[in-house]
Amino acid sequence: MTLSKKEISILIEIVFSILFALIFLPYFYRNQETVFVFSEVIGIVTRIIIFSVIYFSITYSLLEFTYKRTITEDERCDMINSKSYKLGYLLYEFSLLIFIGTLINSSIHQNGRIIFLILVLLLIISIIKSSYQFYLHRTF
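Residues numbered from 1 in each chain as written. Predicted model: local features only at pLDDT ≥ 70, side-chain atom pairs only at ≥ 80, totals over all residues. Heavy atoms only, no water.

Student: How should the side chain of E7 be read in this particular structure?
Tutor: Structurally, E7 can be placed in helix α1 (residues 5–23). We classify E7 as buried; its relative accessible area is 5%. Leaving out residues up to four positions away in the same chain, E7 has contacts with T2, F134, H137 and R138. (Helix = DSSP H or I, 4+ residues; strand = E, 2+ residues; numbered from the N terminus. Buried < 20%, exposed > 50% of the residue type's maximum accessible area, 1.4 Å probe, protein only. Contact = heavy atoms within 4.5 Å.)

Student: Looking at this structure, how should I read a nonpolar patch on the surface?
Tutor: On the surface, I50, I54, I58 and L62 cluster together to form a nonpolar patch covering roughly 380 Å² of accessible area. Among the structural elements, I50 can be located in helix α3 (residues 38–66). Given the relative accessible area of 46%, I50 is considered partly exposed. (Patch = residues over 30% accessible without salt bridge, like charges linked within 9 Å, V, L, I, M, F, W, Y side chains within 5 Å. Areas by Shrake-Rupley, 256 points an atom, 1.4 Å probe, with all protein chains shown as cover. Salt bridge = Lys/Arg side-chain N within 4 Å of Asp/Glu carboxyl O.)

Student: What's the story with helix α4 (residues 75–105) in this structure? I'm lost.
Tutor: At 3.6 residues per turn, the α-helix brings residues three or four places apart onto the same side. Under the 1.5 Å per step criterion, the end-to-end length of α4 is 45 Å for 31 residues, consistent within 8% with the ideal 45 Å. Among all positions in α4, only C77, I80, N81, S84, G88 and S95 are buried. (Expected span 1.5 Å × (residues − 1).)

Student: What exactly am I supposed to notice about the layout of surface pockets here?
Tutor: One water molecule sets the probe size; rolling that probe over the atoms shows where empty space is left. Its boundaries defined by the atoms lining it, the largest pocket holds a volume of some 280 Å³. Of all elements in the fold, only α1 and α4 reach the threshold of two or more residues within the lining of the largest pocket. Looking at which element gives the most residues to the lining of the largest pocket, the answer is α1, with 3 residues. Each residue belonging to the lining of the largest pocket can be placed in one class, and the counts come to 4 nonpolar, 4 polar and 6 charged. A volume near 170 Å³ is recorded for the second largest pocket. (1 Å grid on protein atoms, 1.4 Å probe; cavity = no way out; pocket = protein on both sides within 12 Å on 5 of 7 lines; lining within 4 Å. Points joined across faces, edges and corners; volume = space filled by probe spheres on them. Nonpolar A, V, L, I, M, F, W, Y, C, P; charged D, E, K, R; others polar.)

Student: Please clarify how the environment of F28 should be interpreted in this entry.
Tutor: Here F28 shows up in helix α2 (residues 25–30). On the accessibility criterion, F28 (8% relative accessible area) is buried. Linking F28 and G112, residues 84 residues apart in sequence, is a C-alpha distance of 7.1 Å.

Remember, this is a structural readout, not a statement about activity or role.
What follows is the structure in structure tokens.
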């Protein structure tokens, strides 16, 4: 099974979402009950940004080094992107409904749980959207 450059790019996004969940999500899970201090949030956001920059720099550099050809965009790619982004948009709307319900039912002191819920919902949506996009690329 040979993968195209676009399919490997989508797999890179899926792997990043999974690595993010394994590396950074436990921090937010452990600190659900605590109120975040601004300096702690700045520290974790800085680590997330550094990890993201290093990860994407290395993976896309390797991708460009191994696949010299450029990605050709055609109508099929446009259709696949629009279908996957439509699914992602619908999932974001659904997660917004869940988030608003959580805000209504929780008190102001549970901001750690709300941050954890937001991150979990965004990761799930990202993985589902990218997986669906990968599936469409393999089947069309």
